[in-house]
Amino acid sequence: MDTFIREPLLKGLSEVKLKSSKFDIQTKASANDAEFFKPLDFDLPISKNTITTGLTIESPSFKDGNKWKLFDGQSSFYAEITDREFIETVDKGERFGKGDLLIVEMEIIQTKTPQGLKIEKLITKVTDHKEAPQQKGMF
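Residues numbered from 1 in each chain as written. Predicted model: local features only at pLDDT ≥ 70, side-chain atom pairs only at ≥ 80, totals over all residues. Heavy atoms only, no water.

Quick look at the packing of aromatic side chains
- For the structure on display, the rule yields five aromatic pairs.
- For the pair Phe62 and Trp68, a centre-to-centre distance of 6.2 Å together with 70° between the ring planes defines the contact as edge-to-face.
- With relative accessibility at 53%, the residue Phe62 sits in the exposed group.
- Trp68 gets classed as buried once you look at its relative accessible area, which sits at 1%.
- Site record: aromatic cluster; members linked through ring pairs are Phe62, Trp68, Phe86 and Phe96. (Phe/Tyr/Trp six-rings, centres within 6.5 Å; stacked < 30°, edge-to-face > 60°. Buried < 20%, exposed > 50% of the residue type's maximum accessible area, 1.4 Å probe, protein only.)

Here you go:
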């Protein structure tokens, strides 16, 4: 609807006529009707849960808004970390290494989309950062 009706009407077309290929029905939309053909947001919220969990860092991201790759003991996933206090410590150069563990409060938001179910994970608070144990050399 947005592509075939709204956009042409907003770009100067005065009228769009629609005709059914199956039935003897015809209608039209004028430039005044353009705003009635806005795209709909089909993402319907199903659930939102907050959990406290431990995650190992697979790949940190040091750019604002980028998602970190994390592992929960069962699967890898990407999540944005929105904890400003934690991000400030990252910006100050806090060290991260392979196998480090983050204890976090994580929101799990499930929505239904036209393509199926979708899960989004947001780290809202990092309560602890435990460095992986260092293996000492033999010498």
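Here we look at the side chain of Asp100
- Relative to the helices and strands, Asp100 resides in the loop between helix H2 (84–91) and strand E6 (101–113).
- Separated by 2.8 Å, the side chain of Asp100 and the backbone nitrogen of Gly97 make a polar contact.
- Setting aside residues up to four positions removed in sequence, Asp100 forms contacts with Leu55, Thr56, Ile57, Arg95, His129, Lys130, Glu131 and Ala132. (Helix = DSSP H or I, 4+ residues; strand = E, 2+ residues; numbered from the N terminus. Polar contact = N/O pair within 3.5 Å; in protein donor to acceptor, adjacent residues only side chain to side chain. Contact = heavy atoms within 4.5 Å.)

Remarks on a negative patch on the surface
- Together, Asp64, Glu85, Glu88 and Asp91 line one region of the surface with negative charge.
- Tracing the chain through its elements places Asp91 in helix H2. (Patch = residues over 30% accessible without salt bridge, like charges linked within 9 Å, V, L, I, M, F, W, Y side chains within 5 Å. Areas by Shrake-Rupley, 256 points an atom, 1.4 Å probe, with all protein chains shown as cover. Salt bridge = Lys/Arg side-chain N within 4 Å of Asp/Glu carboxyl O. Lys, Arg positive; Asp, Glu negative; His and termini not counted. Charge placed at Lys NZ, Arg CZ, Asp CG, Glu CD.)

Let's talk about the pattern of salt bridges
- For the coordinates displayed, the defined rule picks out eight salt bridges.
- In this structure, Asp43 engages Lys118 in a salt bridge whose closest nitrogen and oxygen atoms are separated by 3.5 Å. Note that Asp43 is positioned in the loop between strand E2 (26–30) and strand E3 (44–59) and Lys118 in strand E7 (residues 116–130), a separation of 75 residues in sequence.
- Here Asp43 falls in the partly exposed class, since its relative accessible area comes to 31%.
- Among the ionic pairs, Glu107 bridges to Lys48, the shortest N-O distance being 3.8 Å. Placement of Glu107 in strand E6 and of Lys48 in strand E3 is noted, with a sequence separation of 59 residues between them.
- In this structure Glu107 comes out as buried when scored by relative accessible area, which is 17%.

Some details on the pairing of E6
- The pairing of E3 with E6 spans twelve bridges and is classified as antiparallel. Across the sheet, Thr56 pairs through a bridge with Leu101, a residue of E6.
- Bridge count for E6 against E7 is 13 bridges, and the pairing is antiparallel. Paired with Thr113 across the two strands is Gly116, which belongs to E7. (Pairing = 2+ DSSP bridges.)

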